[in-house]
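Understanding the architecture of this molecule
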Amino acid sequence: MRLLLLGCTGLVGRELVPQLLAAGHTLTVVSRQQRELAGLTCLQADPSLPEVWAAGSALQQALAQAEGVVNLAGEPIAEKRWTPAHLEVLHRSRIDTTRHLVAAINASATPPQVLVSASAVGFYGTSETASFKEDSPAGADVLGKLCAQWEAAAQEVKPSTRLVITRIGIVLAADGGALGKMLPIFRAGFGGPIGSGQQWMSWISRTDLCQLISAALSDEAFAGIYNATAPNPVSMREFCSELGRALRRPSLLPVPGAVLKLLLGDGAEVVLQGQQVKPLRLQTNGFAFSQASLPECFDAVL
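Please read all numbers here as calculations on a predicted model, not as lab measurements. (Residues numbered from 1 in each chain as written. Predicted model: local features only at pLDDT ≥ 70, side-chain atom pairs only at ≥ 80, totals over all residues. Heavy atoms only, no water.)

Quick look at the pattern of salt bridges now. Inspection of the entire model under this criterion finds eleven salt bridges. For E79, the salt bridge is made with K181, and the minimal N-O distance between the two is 3.0 Å. Of this pair, E79 sits in the loop between β4 (68-71) and α3 (84-107) while K181 sits in helix α5 (residues 177-187), placing them 102 residues apart in sequence. Here K181 falls in the partly exposed class, since its relative accessible area comes to 48%. Close ionic contact of R99 with D96 constitutes a salt bridge, the shortest N to O distance being 3.2 Å. Of this pair, R99 and D96 both sit in helix α3, three residues apart, which is roughly one turn of that helix. Using a relative accessible area of 16% as the deciding quantity, one classes D96 as buried. Connected via shared salt-bridge partners are R14, E15, D175 and R206. (Salt bridge = Lys/Arg side-chain N within 4 Å of Asp/Glu carboxyl O. Helix = DSSP H or I, 4+ residues; strand = E, 2+ residues; numbered from the N terminus. Buried < 20%, exposed > 50% of the residue type's maximum accessible area, 1.4 Å probe, protein only.)

Residues separated by three or four positions in an α-helix point in the same direction, a consequence of the helix having 3.6 residues per turn. A rise of 1.5 Å per residue sets the reference length of helix α7 (residues 236-247), with its twelve residues, at 16 Å; its end C-alpha atoms lie 17 Å apart and thus fit the reference within 8%. Buried residues of α7: M236, F239, C240, E242, L243, G244 and L247, and no others. Its buried side turned inward, α7 meets β8 (170-172), α5, β9 (200-201), β12 (234-235), α9 (269-272) and α11 (294-301). Two residues or fewer past α7, R248 is found with a positive phi of approximately 55°. (Expected span 1.5 Å × (residues − 1). Contact = heavy atoms within 4.5 Å.)

Okay, the packing of aromatic side chains next. Using the criterion set out here, one finds five aromatic pairs in the structure. Arranged with centres 5.3 Å apart and planes meeting at 85°, the rings of F123 and Y124 form a pair that is edge-to-face. Given a relative accessible area of 8%, F123 falls into the buried group. Accessibility expressed as a relative area gives 3% for Y124, which makes it buried. Arranged with centres 5.3 Å apart and planes meeting at 75°, the rings of F239 and F298 form a pair that is edge-to-face. (Phe/Tyr/Trp six-rings, centres within 6.5 Å; stacked < 30°, edge-to-face > 60°.)

This is the structure:
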């Protein structure tokens, strides 16, 4: 397929792009930075701006030729304090990008066959006791509202384009994301649970997420909303214990929640609170996880 990729130059894209190329797809990657990547076309553009989607623009022409689109665009959630300015960046990078993309698809004489668009498990809010599946309602907190608006923008796409929304959990890979930040601390022997340790961590290996996106592009059985999480969520305490086991290092030094709040403000809630999310629709579809348990994941990525 001819594919247009947005937000695919970071943690997920580092595995997804080579996988899609190896499968024989032709790729155009959109990035706000100037990039040169072997074997594909790179477009420098900020897709959250309406003018880059104007008729005759390079991005509009790339969309007109695309048979599938992957939209993973969005600034990282938990790396900065949630100031009003940063909340606006989180909103613009996700919702504005998706809104402009969908408007361009709907206006195209040759719309893509499929749009795979990201959301996040933050859609559900947080809870230590509830379990969430795809038909659970949105949370009323900041991330719940953000994800609900993000998905609503994607759902404006016309029925002629098959829509797959992935509510992505914590993506695990050794070279970035949450695990990448934790590894140096744990390898030094200073690792341990963050906050109470009771909060849920609904995770997915990067390999399984990339396989899911690839399958959603080519398999017409995929449509609608899917929880992109492994079938075995764990508590923060269990996650850290298992990471210590995999690294053969102690994992006994807790990180007080107050320290994280001092660094990240409201953004610390992403780490200090969680949600137990189950991938029921993926399991019903028969999706085969290659790393369904945390030991399998850590043994593979470490």
